Amino acid sequence: SGVLNNLGYALLAAKKPERALAIHERSLALREQLAGPDSLDAANAAGGVGLALLDLGRNEAARHSLERALAIRLANEGRPEDLAEVRFGLARALD
């Protein structure tokens, strides 16, 4: 599912948020199943879902995914750069 997550981010960079969302949602489902719903792997995928939703203008749904990613990362002492990415996404969702 790491490959899926990377593909989702590449699709976001290529300005293809619909396809990115589908890939990140698939990655999230796999990561929840394999590593658990409160794992850093799940947080990474939830963050990708949130960023794709932001690019689609679905800010409320994005906020929920990004809040979940942030909570998991805080509980698991996630990397500072990952926390910053999620916090920046949340700021965009609230704008």
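Keep in mind that what you see is a predicted model, and the values were worked out from it rather than measured.

## Thoughts on the packing of helix H3 (residues 40-55) against helix H5 (residues 80-94)
Think of two packed helices as two axes; the pair is described by the angle between the axes and how far apart they sit.
Moving on, step 1. Contact geometry for H3 and H5: axes closest at 10 Å, N-to-C directions at 30°. For the element pair H3 / H5, the angle class is roughly parallel. In terms of crossing hand, the pair formed by H3 and H5 is left-handed. For the pair H3 and H5, contact is made by Asn 44, Leu 51, Leu 54 and Asp 55 and by Asp 82, Glu 85, Gly 89, Arg 92 and Ala 93, respectively.
Moving on, step 2. Taken together, the residues of the contact of H3 with H5 break down into three nonpolar, two polar and four charged.

## A few points about helix H4 (residues 59-75)
Moving on, step 1. Here H4 spans 24 Å end to end across 17 residues, near enough to the 24 Å set by a 1.5 Å rise per residue.
Moving on, step 2. Residues of H4 that are buried: Ala 62, Arg 63, Ser 65, Leu 66, Ala 69, Leu 70, Ile 72 and Arg 73.
Moving on, step 3. Where H4 is buried, its residues contact H3 and H5.
Moving on, step 4. Glu 77, located one to two residues past H4, shows a positive phi value of around 50°.

Parameters and conventions
Residues numbered from 1 in each chain as written. Predicted model: local features only at pLDDT ≥ 70, side-chain atom pairs only at ≥ 80, totals over all residues. Heavy atoms only, no water. Axes fitted to C-alpha atoms, helices over the stretch in contact; angles between N-to-C directions. Helix = DSSP H or I, 4+ residues; strand = E, 2+ residues; numbered from the N terminus. Parallel < 35°, antiparallel > 145°, perpendicular 65-115°, else oblique. Left-handed = near helix turned anticlockwise from the far one by under 90°. Contact = heavy atoms within 4.5 Å. Nonpolar A, V, L, I, M, F, W, Y, C, P; charged D, E, K, R; others polar. Expected span 1.5 Å × (residues − 1). Buried < 20%, exposed > 50% of the residue type's maximum accessible area, 1.4 Å probe, protein only.

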